[in-house]
Structures are given as C-alpha cells and as structure tokens.
Amino acid sequence: MSKPFVFEKPAGMRDTLPAFYQKNEKIKSAIKNEMESWGYQFIQTPTLEYHDTVGEASAILDQQLFKLLDMEGKTLVLRPDMTAPIARVVSSSMKNVAYPIRLAYSSPVFRAQQREGGRPAEFEQVGIELIGDGTASAEAEALALMTEVIKKSGISSFTVAVGHIGFVQELLAEILGNDNRTGELLRYLNEKNYVGYASHVKELPLSSIDTQRLLKLLNLRGGADVLEEAAKLSPNVKGQRALTELKTLYTLLEDYDAAQNIVFDFTLFSHMSYYTGIVFEGYAAGIGAPISSGGRYDELLSRFDRHAPAIGFAIRMDYLIEALDNKNEFLRPQCILFTPERRKEALQWAKEKREKGIKIVMQDLSGVTNVDDFSKRFDEVHYLIGSQQGEDFS
Ligand SMILES: N[C@@H](Cc1c[nH]c[nH+]1)C(=O)O
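Per an unreviewed UniProt entry, the protein goes by ATP phosphoribosyltransferase regulatory subunit and derives from Fictibacillus barbaricus. Quoted straight from UniProt, the Function (unreviewed entry) entry for the protein says "Required for the first step of histidine biosynthesis. May allow the feedback regulation of ATP phosphoribosyltransferase activity by histidine."

Time to look at the sheet that holds strand β1 (residues 41-42). Read across the sheet, nine strands follow the order β1-β5-β6-β12-β11-β10-β7-β9-β8 without closing on themselves; strand pairing throughout is mixed. Lying at the two open borders of the sheet, with one neighbouring strand each, are β1 and β8 (221-222). With seven bridges connecting them, strand β6 (residues 122-131) and strand β12 (residues 310-316) associate as antiparallel partners. Looking across to β12, one finds that leucine 130 is bridged to isoleucine 311. Against the sheet, helix α1 (residues 18-37) touches β1, β5 (101-110), β6 and β12, its axis set at about 5 degrees to β6. Across the sheet, helix α3 (residues 83-91) lies against β5 and β6, angled at about 135 degrees from β5, the strand it touches most.

In the vicinity of the ligand lie 16 residues, with Thr83, Arg111, Glu129, Tyr274 and Tyr275 positioned nearest. Aspartate 81 has a polar side-chain atom sitting 2.9 Å from a nitrogen atom of the ligand. In this structure, tyrosine 275 approaches the ligand through a side-chain N or O atom, which is 2.6 Å from a nitrogen atom. If the ligand stood free it would expose 310 Å²; the protein chains cover 98% of that surface. Partitioning the shell around the ligand into residue classes produces seven nonpolar, six polar and three charged.

We now examine the nonpolar core. Residues Phe266 and Phe280 are the most contacted members of the largest nonpolar core, which totals 99 residues. The greatest single-element share of this core, amounting to nine residues, is contributed by helix α4 (residues 136-152). Grouped together as the second largest cluster of nonpolar side chains are seven residues, Ile336, Ala346, Ala350 and Ile360 included.

By the burial criterion, the buried members of helix α8 (residues 208-216) are Asp210, Thr211, Arg213, Leu214 and Leu215. Residues of α8 that are buried sit in contact with α5 (165-176), α6 (179-190) and α7 (194-203).

Here we take up the pattern of salt bridges. All told, the structure shown has 21 salt bridges when counted by the stated rule. A salt bridge links glutamate 34 to lysine 152, with the shortest nitrogen-to-oxygen separation between them at 2.9 Å. Of this pair, glutamate 34 sits in helix α1 while lysine 152 sits in helix α4, and the two are 118 residues apart along the sequence. Judged by relative accessible area, glutamate 34 falls into the buried class, the value being 11%.

Applying the stated criterion to the full structure yields five aromatic pairs. Measuring from ring centre to ring centre gives 4.8 Å for phenylalanine 167 and phenylalanine 266, while their planes differ by 55 degrees; the resulting arrangement is tilted. With phenylalanine 167 in helix α5 and phenylalanine 266 in the loop between β9 (262-265) and β10 (278-284), the pair connects residues that are 99 residues apart, well separated along the chain. Judged by its relative accessible area of 0%, phenylalanine 167 is buried. An aromatic cluster is present here, built from Tyr274, Tyr275 and Tyr297 joined pairwise through their rings. Arginine 221 extends its terminal NZ or CZ atom over the ring of tyrosine 194, reaching a point 4.5 Å from the ring centre. When the ring centre of tyrosine 99 is taken as reference, the NZ or CZ atom of arginine 306 above it lies at 3.8 Å.

As a further point, take the environment of valine 361. Among the secondary structure elements, valine 361 is positioned in strand β14 (residues 360-364). Not counting the four nearest positions on each side in its chain, valine 361 is found in contact with Pro333, Gln334, Cys335, Ile336 and Phe378.

Another aspect to go through is the pairing of β5. For β5, a buried count of eight out of 10 residues is recorded, marking the element as mostly surrounded by other parts of the structure. Note that β1 and β5 share two bridges and pair parallel. Among the inter-strand pairings, phenylalanine 42 is bridged to a residue of β5, identified as alanine 104.

What counts as what
Residues numbered from 1 in each chain as written. Predicted model: local features only at pLDDT ≥ 70, side-chain atom pairs only at ≥ 80, totals over all residues. Heavy atoms only, no water. UniProt positions renumbered as here; feature names shortened; annotations may be inferred. Pairing = 2+ DSSP bridges. Helix = DSSP H or I, 4+ residues; strand = E, 2+ residues; numbered from the N terminus. Contact = heavy atoms within 4.5 Å. Axes fitted to C-alpha atoms, helices over the stretch in contact; angles between N-to-C directions. Near = heavy atom within 4 Å. Polar contact = N/O pair within 3.5 Å; in protein donor to acceptor, adjacent residues only side chain to side chain. Areas by Shrake-Rupley, 256 points an atom, 1.4 Å probe, with all protein chains shown as cover. Nonpolar A, V, L, I, M, F, W, Y, C, P; charged D, E, K, R; others polar. Core = buried A, V, L, I, M, F, W, Y, C linked by side-chain atoms within 4.5 Å. Buried < 20%, exposed > 50% of the residue type's maximum accessible area, 1.4 Å probe, protein only. Salt bridge = Lys/Arg side-chain N within 4 Å of Asp/Glu carboxyl O. Phe/Tyr/Trp six-rings, centres within 6.5 Å; stacked < 30°, edge-to-face > 60°. Lys NZ or Arg CZ within 6 Å of the ring centre and 35° of its normal.

See the structure below:
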C-alpha cells in the first residue's frame, strides 16, 4: 500500500484555525485601541525588504533570515522584525515629519527555525516605536504602555524584567577588555544559559575579585534594591550613569502607576544587536518565552541617515494568547436548521439576529449528514423544518 499523502509545511510554518484566530483578533483589537488612545499611529510596511539595508539593520542572525532574489538578482528578505523597516520609513517617506514620531504596527514577521526546535518561523507582532525622544519620560511611556496593553489583553499575572545593555557591556568590557571574551559571555546571557556563563567565568584567568564581580551579575535580579547591589560591583562612569537612568525610570513608573510589575534583571541581554540602553521583556505566568520585548536603540536611525534616539516594544501575539487563561472563551454561533419551505422565515429571523450582533449559521437540513455531530458546534440550534410552524422565535 502506498503511504498516505501528507501535506507538509516548511519548518516553523503554522496554520491558524478558527478558535485561535478569533481570540487573536479580539485581543489584538483591544491592544491596538490602547496604543491608538496613547496617540500612536498604525502603519504598514512591505513584507519584503532589501537584505543589505533592512535585513542587516534588523540585527537578526543571518541564518535566521528568509532570503530570496528579485528579477534583478538583488537579495531580498522577509522582514524579521518591524523596528528596522520603521526606521527606514521614518528616514525616507516620513523624513519631513518632525521628531518625536509615534508609530505602531501589527504585522507578521519571519525568522527561520530549525525543525527540531518546534518554534514558529512566522508570528505576529503588535508594537510601537517612539522615535526622536531620548528622555526618561519616553522610556517610562514605552514601559507603561506595554504594561497597560498586557493588562488590557486580560493577563493579570505578569512581570516586566528591565535590564540595561550599557551596564552589562561596560562591566564585562572593563573586566575582560577583549571583545571576543565579552562576546562569548554575552552569548551565554542571551541564551539564558547561566550555568554555562558561570562555568566559563570560572575558567577565565582573572583575579578572584573580578571573577566574583562577573558571577554576582547573575544575582542582580529582583526589586528596586537590586540597583544598590549593582552599584556595589563598582561600575565605571558609564555603568553608574546606567544605574542612575534606571533609578529615574523606576520613579517615573511609580508616577505612571506601572511599577508593581517591574523587576530589574541585569542578566537581560537581547539577540537584537541594535539595543543601546534599557531593554525589557514581559513574562506571563506559565509561559517560558517572553510575551513582549523592547528597548532603547539610539544608533539604529543613524544607519538610515536620520539620527535619533528611539525606544519601542513588540507584543508577541502567539505567546500572549497562549498565556491567557481560558476564561476568555468566545460565544459560539447559533444555528438555524431549515428545510426549503421555511427558508424565507429562516432568512428573516437570521437577519434580525445578525443585526443584533449574534452570529447565525443558516444551514439547509438536507446538506447535513450527521445532525447530532453538527449541532455540537453551536451554542443553540433552532429548527425551522416542514410546513408547520415549529419553533417560537420571539
Ligand atoms: N523589534 C524588537 C522589539 C522592539 C520594538 N522596538 C524596539 N524593540 C523584536 O522584534 O524583538
């Protein structure tokens, strides 16, 4: 016997079925409304971009980029994130719009995955970018909005981890000097491989004080008192500046009433190499991967010749939906099963219900083979069958 035909999909590609789709659309619309109410304007950018502009600026590992060629032989990429395309837009079509600029997006992004990893290679991000504002208020706004959006989506139990790329890089560079060794430790942090980080540190030929400083970095996770602990690692001037920035940020977040969910985490290091200052990730109970992430990227815009400080974040819709408890279940449609002689009556009834916002499936009885099975899909099933008046729809 020949093997049954399997409709395989490329690694990491997924179908979105009705239940997930509905939930996603509903939550997404709540998130978008919130972003719009803070004055962010939604834009769309193309799915394909040039590899040597947006592809490189996106700061994703090259092997994770989906690449293809256009008719002129130029290499294109499926956009791996939205921050770089938005930097391109702000520096070209919007170059005459004065800073600060507040933009938002809701778009699929693409990052190639190994099949064994089982991770999605296409997923939807809803995010914002606040470009041209280098103030602490801009940082507080981004974090407060992210917190609000997570709350509005129905997640009650979550934390937002905040770190600072500058602090970590300065500390490592001061102790290790050489870029390769720093790079290696940063890679462990990015992979959240703290055991690997610690054993690597212990192998390095360092004074015991410096070994301790590098190891203590791993404990710098927790409430606002972590900032005091971080100060004890005797950071250099730039490192101290980063700590002051974080302290100010915390005070501002208290004003925004958004400090309750914040924890500081100096091990936070992102794979996105454009970050230059604070970085943050949102975590929901029960989900291992971040449901949102963002940070300050003050150098990216210069790559597009319109220098500006900037900050932003993206919500990862698939993980966010996974994190929602099922109390958000959606009402299923109602069904009206009719026979042709009652079709008009059924149509009239369906029209009235639909106008009231109730979802109605109209189904000719002779088109259904197993009525019992079919009926299970609906909240209510009404019968308009035969010439007799069968059901009272008042
Ligand atoms: N583009 C980032 C999120 C982000 C938006 N703005 C700044 N950071 C990501 O895909 O992880």
